[in-house]
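One-letter residues, chain by chain:
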Amino acid sequence: MRTINLTEWESSRPISLSAGELAVLVGLRDELKLTIEPAGGLEGEYILRPGSTVGALDLGGLSVAIHPKLPIGRVLYLASWAMGSPRTVTFRPESFDFKSEPTLVEALAPMLAHAARRAFAHGLLHGYRTEQEALTTVRGRIRVNEQVRRRFGVPIPVEVRYDDFTDDIPPNRLVKAAAHRLSRLRLRSPRSRRGLGFIRATLDNVNLVEFPLNAVPDVRFDRLNEHYREVVTLARLILRYTSIETGRGRVRANGFLMDMNVVFQEFVTRALREELGLTEWTFPSDGKLPRRGIFLAKHHRKRPNHRGTVDTIALKPDLSWWEGPDRQTCTFVGDAKYKRVEKEQVPNADLYQLLAYTTALDLPGGLLIYAKGEAENVVHHVRHARKQLEIATLDLSGSIDNLKADIGKLAKRVRVLRHSALKLHQAA
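Per chain, residue numbering runs from 1 following the sequence as it is written. Side-chain atom pairs in this predicted model are given and counted only at pLDDT of 80 or more, local residue features only at pLDDT of at least 70, and totals for whole chains, interfaces and linings cover all residues. Side-chain calculation: all heavy atoms of the structure are included, whereas hydrogens and water are not.

A short note on the nonpolar core
Step number 1: Nonpolar core, defined: a set of buried Ala, Val, Leu, Ile, Met, Phe, Trp, Tyr and Cys residues in which side-chain atoms within 4.5 Å join the residues together. Using a 1.4 Å probe on the protein chains alone, a residue whose accessible area is under 20% of its type maximum counts as buried, one over 50% counts as exposed, and one in between counts as partly exposed. In this structure, L112, F267, L394 and L396 are the most contacted members of the largest nonpolar core, which totals 79 residues.
Step number 2: Under the DSSP-based scheme used, a helix requires at least four consecutive residues in state H or I and a strand at least two consecutive residues in state E, with every element numbered from the N terminus. In terms of residues, this core owes the most to one element, helix α4 (residues 104-121), which gives 11 residues.
Step number 3: In this structure, F267 is in contact with L78, W81, A82, L394, L396, L403 and I407, ignoring residues within four places of it in sequence.
Step number 4: If you look at the next biggest cluster of nonpolar residues, it comprises 18 residues, including L22, Y46, L48 and L62. Here a residue-residue contact requires only that any non-hydrogen atoms of the pair lie within 4.5 Å.

Structure follows, in structure tokens:
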């Protein structure tokens, strides 16, 4: 099978593609955020440039791997924190049994296997699960209403409800489902395949459940299941970003794809929320803003013989702080951009977007957060509008301690902006 190796946000060298391979890649441009351009003067060769999506796709006879610029362990750390895992969970890629630099997918299998071995070494987790079934003997409690409704007074079988102590519980189901997802992908490493086989054999009595990408359940941890935290966190990540048979039309693909734009936005939102000590109700993600929404403008339109209608432009900032009993007052607004910026090269479109947020919400200022850059903290004062647009960068490649410290500094800037907004509202 042929493999094309690409790097996030970098243009490739000219790559020779057959008509069939080109058609496949064109059909998956949206999923891969891929730009395809003919190489000048070279027939049948193309320049490929991926966007913010990293991971790998198996397209039958063609495999496309998009390497992240950040270390694999750091990418998974950010994604796990974005999903709600605590900051103490870290991922360290183990030693691999192949010479080339591992792709994100190739790294996941041994990491899951090692995490599972460490978790299972403390004992396979068991728990109580409520069962309802018909038995020839009484176990637990008899479901009298169901017995009458289904059996019409016949004494056997008996409809009962009981608690069963079993290993077929959500944490084990998540780990088994993650191992199954990875086994469906083409892994080069025999060691990785053996590791996934170990997981499936250990969890042989656990039901295999297919979890939807956007509905992977969370697990609460305590002293009894704390040894499962790392493996369950990694399993949830795999289940959220691993898709089987995705694509459009005749183009079908299996793979693990992670949009770093989304990961960065979710990471910054959750990290600031935790640092500020707020809830999701007061510091929501852009998908859970107050129902009344944020509107930039209203336009009354009248047509002959029709009533006037109102058109609105809805805005969804990445970061916002809402207060009041019904979240009627916004005291901070900001946006998170997974971009590398220089001191004088902040895109105008990003500044215009933040200005629109501060105007629509009647705030004195807002905050733009970028993923790394050489730029120092910058403040733009908008003439006549009396708006203060602040720029900050977050170095994702540094140490974990430095990353946490930077989050703390951002939280202080959010508090200052909120304080300015409160003073403005009180003065009005």
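Some remarks on the sheet that holds strand β18 (residues 387-394)
Step number 1: In space, the five strands of this open sheet follow the order β14-β15-β16-β18-β17, with mixed pairing throughout. With partners counted over all chains shown, the strands left at the sheet margins are β14 (319-323) and β17 (378-382), one partner each. Averaged over neighbouring strand pairs, the angle between their axes works out to 20° when direction is ignored.
Step number 2: Whether two strands pair comes down to DSSP finding at least two bridges between them. Where strand β16 (residues 365-371) and β18 come together, seven bridges link them in parallel fashion. In the strand pairing of β18, I369 is matched with A392.
Step number 3: Every axis in this analysis is a line fitted to C-alpha atoms, fitted for helices over the stretch in contact. Angles between the N-to-C directions lie between 0 and 180 degrees. Each of β14, β15 (329-337), β16 and β18 is contacted by helix α9 (residues 260-276), which is oriented at about 125° to β16, the strand it contacts most.
Step number 4: The strands touched by helix α11 (residues 400-427) are β14, β15, β16, β17 and β18; relative to β18, the strand with the most contacts, the crossing angle is about 170°.

Structural notes on the packing of α9 against α11
Step number 1: Closest axis-to-axis distance for the α9/α11 pair is 9 Å, and the angle between their directions is 75°. Taken together, the axes of α9 and α11 are roughly perpendicular relative to one another. Between α9, through F267, A271, L272, E275 and L276, and α11, the contact on the second element is made entirely by L403, I407, G408, L410, A411, V414 and R415.
Step number 2: For this classification, Asp, Glu, Lys and Arg are treated as charged, while Ala, Val, Leu, Ile, Met, Phe, Trp, Tyr, Cys and Pro are nonpolar and the rest, including Gly, are polar. When its residues are assigned to classes, the contact of α9 with α11 shows nine nonpolar, one polar and two charged. In these notes the angle categories are as follows: under 35 degrees is roughly parallel, over 145 is roughly antiparallel, 65 to 115 is roughly perpendicular, and the rest is oblique.

Concerning the sheet that holds strand β2 (residues 15-16)
Step number 1: Ordered by their spatial adjacency, three strands build an open sheet running β2-β4-β3, and the pairing between neighbours is antiparallel. Each edge of the sheet is formed by a strand with only one pairing partner; in this case those strands are β2 and β3 (34-38).
Step number 2: The pairing of β3 with strand β4 (residues 45-50) spans five bridges and is classified as antiparallel. In the strand pairing of β4, P38 is matched with Y46.

What about the side chain of R413?
Step number 1: Take R413: it is sitting in helix α11.
Step number 2: A relative accessible area of 16% places R413 in the buried class.
Step number 3: Those residues in contact with R413, other than ones at most four positions away along the chain, are L367, N377, V378, E390, I391 and A392.

Comments concerning the packing of aromatic side chains
Step number 1: By convention, a stacked pair of Phe, Tyr or Trp rings (six-membered ring in the case of Trp) has centres within 6.5 Å and planes under 30 degrees apart, an edge-to-face pair has planes over 60 apart, and any other such pair is tilted. If you walk through the whole model with that rule in mind, you get seven aromatic pairs.
Step number 2: Aromatic pair F120 and Y228: ring centres 6.0 Å apart, planes at 50°, arrangement tilted. Linking F120 in helix α4 with Y228 in the loop between α7 (190-202) and α8 (229-241), this pair joins segments that are 108 residues apart in sequence.
Step number 3: Site record: aromatic cluster; members linked through ring pairs are Y77, W81 and F267.
Step number 4: Only Lys NZ and Arg CZ are tested; either one counts as a charge over a ring when it is within 6 Å of the ring centre and within 35 degrees of the ring normal. One cation-aromatic arrangement involves R117 over F198; the distance from NZ or CZ to the ring centre is 4.0 Å.
Step number 5: Positioned over the ring face of W321 is R418, at 4.6 Å from the centre of the ring.

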